[in-house]
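# A structural walkthrough
The primary structure of each chain is shown beneath.
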Amino acid sequence: MSHNQLTGTLKPLACLRALRGIDCTNNSIGGTLEPLQSLAPVLREVFLTNNKLAGSLEPLRGCTALQDVVLDSNELTGGLQPLQGCTALQALYLRRARRSLTL
Amino acid sequence: MWAARVAMILSTLTSLSAHLRKQARPRREEKLRANHEVHTHNAVQAKSHTQSDPESSIEEEPGGLTLVQELGEAINTPQRLDEQDPAAALDTLPDDLLLHVVVACGGEWLIGVPELDAVSALGSLCKDVLQQLSRLLPFVYRRVHGLTHGRTHGPWRVVLLFTGEPTATVVDEAWRGHVRSIDARGTTLTPAVAKRVVPELLGVGCSLLDLKLEGLQLGIGSWRQTFGEAAVCSTALLELQLDDCGLSGPLPELNLPALQILWMSSNQMSGGLEPLMRCTALQELDGRDRRV
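These numbers come from a predicted model, not from an experiment.

### Here we look at the overall build of chain B
Within chain B one finds eleven helices and ten strands. Across the 292 residues that make up chain B, the buried fraction comes to 48%. The contacts in chain B between residues at least 6 apart in sequence include a share of 57% that link residues at least 24 apart. Carbon and sulfur atoms make up 52% of the accessible area of chain B, which totals about 14000 Å².

Dropping the structure here:
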């Protein structure tokens, strides 16, 4: 769904329990990453660059299958500690996040 | 138990492979010769088919998943096979085990359905195997760029994977269940055919498994303007690609419970993601333009 003009939040995706990869790059999706919590066991790829997502990375804490996380140009805050358990992580992009996103 | 069965099948296939290659080689040469004759004498083509009405030989299936389900039944107790003479061993195989051998011959489109070219030599191993296959009529697939090919190929139920412009004929054949995959990327779609896409390819009772329309220049318009108002509710569809089609406006309500892959990038779709909520088998939501 990348490169569209989608709005709203990620909440409708929370019920798609088989979802392994999400690419909604370059839209105007807001809200938080919280709906991704329910996808934790299978979620591998999150591509949400250039949206309006806020809040912390905390909802990704249990997403241990994550391999690629690309969240540039959003309004995320907090630290990277929630990703400590993501041992399969191969790529993490958080450029142009809010200054309060601490490393 | 399973390991023993798998080992037995692998062993059989190994010994069969050389045998099949020997069988397939003359068949391919025959085919080439036949094709050459078709170009020079059209009448030969009609005689080369063993059944006169290819339409009647294709059985209708209510949904694409039944292709796999039918082939995925449990297998019986394995029998000892004669590795010295695989053809002789094959004529004593139980039906379900023979179907496993057929499936194991390969194909990369859909698990459980092999490609016709990979299995066609099985039918020429011996008369008993041919009869058994004729009774079972296993599903196989064939990739085509036109619909002039005969769909009857000995003891096989052939479904077609079509690549090319989605004409009215292609839609007709998909609606009948003969075409199970349409790859129309980069081609064109007339407005008249576009109006048939949802009711006859993505609607109730449709058996198409994947539809790829990436890059079709449909003109900037909403889903409703382009495809009409029919409900998108196929229970068979596994993959839908509609990238870069010039679609605008809100997402349509997608009631596609079997859909696993959805690509709709580079359009001008607006609104929220709620219309996707009933795609409960979705695994991949857009795989385009990934940077990693």
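### Focus on the overall build of chain A
Helices and strands together make up the secondary structure of chain A, namely zero helices and seven strands. The N-to-C order of helical and strand elements in chain A reads β-β-β-β-β-β-β. Its C-alpha atoms give chain A a radius of gyration of 12 Å, within 12% of the compact-globule value 13 Å for 103 residues. Referenced to the eigenvectors of the C-alpha coordinate spread, the extents of chain A come out at roughly 35 × 35 × 20 Å. Looking at chain A as a whole, 50% of its 103 residues are labelled buried. Taking the intrachain contacts of chain A between residues at least 6 apart in sequence as the baseline, contacts between residues at least 24 apart amount to 28%. When the accessible surface of chain A is summed, it comes to about 4500 Å², and 47% of that surface belongs to carbon and sulfur atoms. Side chains of chain A carry 10 positive and 7 negative charges; the gap between the two charge centres is 2 Å.

### A short note on the environment of Arg157(B)
Residues and elements named next belong to chain B. For Arg 157, the location among the structural elements is in strand S2 (residues 157–163). C-alpha separation for the pair Arg 157 and Val 140, spaced 17 residues apart in sequence, amounts to 6.0 Å. Here the side chain of Arg 157 touches Leu 137 through a polar contact of 2.8 Å, landing on its backbone oxygen.

### A word on the packing of aromatic side chains
All names here are of chain B. This model, assessed by the stated rule, comprises one aromatic pair over all chains. With centroids separated by 4.7 Å and ring planes inclined at 55 degrees, the aromatic side chains of Trp 223 and Phe 227 adopt a geometry described as tilted. Here Phe 227 and Trp 223 lie together in helix H11 (residues 223–227), a separation of four residues that amounts to about one turn. Exposure class is identical for Trp 223 and Phe 227. Each is buried. Here the guanidinium or amino end of Arg 157 rests over the ring plane of Phe 139, the centre of that ring lying 4.3 Å away.

### Brief notes about the interface of chain A and chain B
On the side of chain B, 28 residues touch chain A, which itself brings 30 residues to the contact. When chain A packs against chain B, close to 2400 Å² is buried across both sides, 56% of that on carbon and sulfur atoms. On the chain A side of the contact with chain B, Met1(A), Pro12(A) and Leu16(A) bury the most area, a combined 24% of that side's loss. The tally of links between chain A and chain B comes to zero salt bridges. Where chain A packs against chain B, one counts 16 residue pairs in polar contact (both at pLDDT 80 or more). For the side of chain A that touches chain B, the secondary-structure elements that each account for two or more residues are strand S1 (5–6), strand S2 (21–23), strand S3 (45–47), strand S5 (68–70) and strand S7 (91–93) of chain A. Ranked by residue count, the leading element in the side of chain A that touches chain B is S2(A), at three residues. Grouping the amino acids of the side of chain A that touches chain B by side-chain chemistry returns 16 nonpolar, eight polar and six charged. Relative to strand S9 (residues 268–271) of chain B, S1(A) is paired through two bridges, and the arrangement is parallel. For Leu6(A), the partnering residue across the bridge sits in S9(B) and is Gly271(B).

### Here we look at the sheet that holds strand S1 (residues 139–144) of chain B
Pairing is parallel in the open sheet, where eleven strands are placed in the order S7(A)-S5(A)-S3(A)-S2(A)-S10(B)-S8(B)-S6(B)-S4(B)-S3(B)-S2(B)-S1(B). Of all strands in the sheet, those bounded by a partner on one side alone are S7 of chain A together with S1 of chain B. In this sheet, S5(A) lies alongside S3(A) in parallel orientation, the contact comprising three bridges. By the bridge assignment, Glu45(A) is partnered in S5(A) with Asp68(A).

### What about the environment of Pro250(B)?
Residues and elements named next belong to chain B. In this fold, Pro 250 is placed in strand S7 (residues 247–250). For the pair Pro 250 and Ser 265, spaced 15 residues apart in sequence, the C-alpha separation works out to 13 Å. For Pro 250, the residues in contact, after removing those within four places along its chain, are Met 269 and Ser 270.

### What about the pairing of S7(B)?
All names here are of chain B. Here strand S5 (residues 221–222) runs beside S7; their pairing, made up of two bridges, is parallel. The partner of Ser 222 across the bridge, within S7, is Ser 248. Here S7 pairs with S9 via three bridges, running parallel. Considered in S9, the bridge of Ser 248 is made with Gln 268.

Rules used in this analysis
- Residues numbered from 1 in each chain as written.
- Chains lettered and ligands numbered in written order.
- Predicted model: local features only at pLDDT ≥ 70, side-chain atom pairs only at ≥ 80, totals over all residues.
- Heavy atoms only, no water.
- Helix = DSSP H or I, 4+ residues; strand = E, 2+ residues; numbered from the N terminus.
- Buried < 20%, exposed > 50% of the residue type's maximum accessible area, 1.4 Å probe, protein only.
- Contact = heavy atoms within 4.5 Å.
- Areas by Shrake-Rupley, 256 points an atom, 1.4 Å probe, with all protein chains shown as cover.
- Rg over C-alpha atoms; globule rule 2.2 N^0.38 Å.
- Lys, Arg positive; Asp, Glu negative; His and termini not counted.
- Charge placed at Lys NZ, Arg CZ, Asp CG, Glu CD.
- Polar contact = N/O pair within 3.5 Å; in protein donor to acceptor, adjacent residues only side chain to side chain.
- Phe/Tyr/Trp six-rings, centres within 6.5 Å; stacked < 30°, edge-to-face > 60°.
- Lys NZ or Arg CZ within 6 Å of the ring centre and 35° of its normal.
- Buried area = accessible area lost by both parts, 1.4 Å probe.
- Salt bridge = Lys/Arg side-chain N within 4 Å of Asp/Glu carboxyl O.
- Nonpolar A, V, L, I, M, F, W, Y, C, P; charged D, E, K, R; others polar.
- Pairing = 2+ DSSP bridges.

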